[in-house]
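Read off the chains here:
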Amino acid sequence: MVANRINEVVRYEYADRPEAGNAMAIAPGILWLRMPLPFALGHINLWLLEEDDGWAIVDTGVFTDVSREVWEQTFAGPLHNRRVTRVFATHLHPDHAGCAGWLSQRFDVELWMPREEYLLCRILVADTGRPTPQAGIRFYKAAGFAAESMDHYQKMFGMFGKYVAPLPESYRRLKDGDCLRIGQRDWQIVVGRGHSPEHACLYCRADNILISGDQLLPTISSNVSVYPTEPESNPLADWLQSLDSMKKRVRADVLVLPAHGKPFRGAHERLQALIDEHRACLNELESVCREPKRAVDVFPALFRSSISDSNLIMATGESIAHLNYLRAQGRLTVQTDPSGIKWYQSADRDRTGA
């Protein structure tokens, strides 16, 4: 997540927030549930949409004993033991899809999810217990990992499945532009890319409400990373295009229900702020690379917080995403030295001050 330079543009809608196991009404038939996370963010917002015969769930939390306990409290409390009608996962990350398979099985209901998210989630869960692939070792060596960082990566490989219950063998596909009737509302699927392959947001135009997942957050920029499976990818181009596209597809005064933080208004201003801060980071990164740099050398241009083993993979992936974007624009070159390490340098050193 790049350093956040502009966050004063958002206007929060609620002063309070629900405690774990309780829920807060956002609008008739829409409940806000906060689920604890065993990560730095600390929580995820989940959304419960009332239907005639029960409640649809949008995003699910990680698959842990704590999450299952909170869900049981929610079933008995705010949902009054009414059935779950279906489960939606905006995208594949464990805090969003972790309990999706468990909930689908527990209530014998369908999982709704974009195709690319569903398939990649199943692939990543299948990595659990596998040895670290050589492609991953080469990738992080090229980024400049020290021996101890490489050891940590190899120990952590395959941990995705620890937090994600197996997904069902079949699912219902969400596609960009789909219109779904959920309870008394029509919701349009708005897909964004870059943070994940095919992230689905739910937009109710009539009531001017957007369930944004990680695609639009009030105070942080979602991680946009390159991974060893596709080392030459350019997800930041997808991310910036998606942010710009969303400004055209949702109203400026939409009520945004994000995955992290509090519900807010000011979507267009926030979308532009995200674009602007990434552009500023790209300019700073190009300047930093007047002299050759490895991916791990450029963290100060992108992040305000310190980088440790707990966030090194995300920071490295995000750095390479920005480096690949500049390469695609012809603003950086890259050379691989005899030891396999990649060195990035500004293509026009005169223009950047070299």
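From a predicted model like this one, the values you see are computed outputs, not experimental measurements. (Residues numbered from 1 in each chain as written. Predicted model: local features only at pLDDT ≥ 70, side-chain atom pairs only at ≥ 80, totals over all residues. Heavy atoms only, no water.)

Asker: Go over the sheet that holds strand β2 (residues 24-27), please, and point to the residues and values.
Answerer: What holds strands together in a sheet is hydrogen bonding between their backbones, with the strands either parallel or antiparallel. With respect to topology, 7 strands assemble into an open sheet ordered β2-β3-β4-β5-β6-β7-β8, the strand pairing being mixed. Of all strands in the sheet, those with a lone pairing partner are β2 and β8 (172-174), marking the two edges. Each strand of the sheet is rotated relative to its neighbour by a mean of 30 degrees, with strand direction disregarded. Sheet topology note: the strand β6 (residues 84-88)/strand β7 (residues 111-114) ladder contains 2 bridges and is parallel. Its bridge partner being in β7, Val 87 is matched across the sheet by Leu 111. Relative to strand β3 (residues 30-36), helix α1 (residues 65-76) is tilted by about 150 degrees, and along the sheet it contacts β3, β4 (43-51), β5 (54-58) and β6. Its contacts with the sheet put helix α4 (residues 115-126) on β7 and β8, and the angle it makes with β7 is roughly 100 degrees. (Pairing = 2+ DSSP bridges. Helix = DSSP H or I, 4+ residues; strand = E, 2+ residues; numbered from the N terminus. Axes fitted to C-alpha atoms, helices over the stretch in contact; angles between N-to-C directions. Contact = heavy atoms within 4.5 Å.)

Asker: Please give an account of the nonpolar core that cites residues and values.
Answerer: Ranked by internal contacts, the top residues of the largest apolar core, which has 49 residues, are Leu 210, Leu 216, Met 246 and Leu 323. Of all the elements in the fold, those that place two or more residues in this core are α5 (134-143), α6 (147-156), β11 (199-204), α7 (235-249), α8 (267-288), α9 (299-302) and α10 (312-328). If you look at the next biggest cluster of nonpolar residues, it comprises 37 residues, including Phe 75, Leu 111, Tyr 118 and Tyr 163. (Core = buried A, V, L, I, M, F, W, Y, C linked by side-chain atoms within 4.5 Å. Buried < 20%, exposed > 50% of the residue type's maximum accessible area, 1.4 Å probe, protein only.)

Asker: Quick rundown of the side chain of Thr 85? Include the residues and the values.
Answerer: Mapped onto the fold, Thr 85 is located in strand β6. Take Thr 85: its relative accessible area is 13%, and that puts it in the buried class. Separated by 2.6 Å, the side chains of Thr 85 and Glu 51 make a polar contact. At a separation of 3.3 Å, a polar atom in the side chain of Thr 85 contacts the main-chain amide nitrogen of Ala 56. Setting aside residues up to four positions removed in sequence, Thr 85 forms contacts with Glu 51, Asp 53, Gly 54, Trp 55, Ala 56 and Val 109. (Polar contact = N/O pair within 3.5 Å; in protein donor to acceptor, adjacent residues only side chain to side chain.)

Asker: Outline the pattern of salt bridges, supporting the account with residue identities and numerical values.
Answerer: Here the structure, examined in full by the defined rule, presents 22 salt bridges. Between Arg 130 and Asp 127 there is a salt bridge, with its nearest N and O atoms 2.5 Å apart. Judged by its relative accessible area of 42%, Arg 130 falls in the partly exposed class. Exposure remark for Asp 127: the relative accessible area of 13% places this residue in the buried category. The partner of Glu 286 in a salt bridge is Arg 331, and the shortest N-O contact between them spans 2.8 Å. Of this pair, Glu 286 sits in helix α8 while Arg 331 sits in the loop between α10 and β15 (332-336), and the two are 45 residues apart along the sequence. Accessibility assignment for this pair places Glu 286 and Arg 331 in one class, buried. Ionic contacts of the salt-bridge type, sharing partners, join the residues Glu 232, Arg 327 and Lys 342 into one network. (Salt bridge = Lys/Arg side-chain N within 4 Å of Asp/Glu carboxyl O.)

Asker: Could you give an account of α6, with specific residues and numbers?
Answerer: What α6 keeps buried is the set Ser 149, Met 150 and Tyr 153. Each buried residue of α6 lies within a common arc of 100 degrees when the element is viewed along its axis, so the set occupies one face. For α6, the exposed residues lying more than 90 degrees away from the buried face are Ala 147, Glu 148 and Lys 155. Elements that come into contact with the buried residues of α6 comprise α5 and α10. Following α6 by one or two positions, Gly 158 adopts a phi angle in the positive range, close to 85 degrees. (Arc of directions from axis to C-beta.)

Asker: Can you break down the environment of Ser 339 residue by residue, with the values?
Answerer: One can find Ser 339 in the loop between β15 and β16 (342-346). Sequence-wise, Ser 339 and Ala 76 are 263 residues apart; in three dimensions their C-alpha atoms are separated by 59 Å. A distance of 2.7 Å separates a polar atom in the side chain of Ser 339 from a polar atom in the side chain of Asp 337.

Asker: Before we move on, could you go through α8 and cite the residues and values that matter?
Answerer: Between its first and last C-alpha atoms α8 spans 31 Å; for 22 residues at 1.5 Å apiece the expected length is 32 Å, and the two agree. Within the sequence span of α8, burial applies to Ala 267, Arg 270, Leu 271, Ala 273, Leu 274, Ile 275, Glu 277, His 278, Cys 281, Leu 282, Leu 285 and Glu 286. Taken together, the buried residues of α8 touch α7, β13 (255-258), β14 (264-265), α9, α10 and β16. (Expected span 1.5 Å × (residues − 1).)

Asker: Could you give an account of the environment of Ala 347, naming the residues involved and the relevant values?
Answerer: Note on placement: Ala 347 falls in the segment after β16. Along the backbone, Ala 347 and Val 334 are 13 residues apart, and their C-alpha atoms lie at a distance of 9.2 Å. Setting aside chain neighbours within four positions, we find Ala 347 in contact with Gly 330, Arg 331, Leu 332 and Thr 333.

What is shown is where atoms sit, not what they do.
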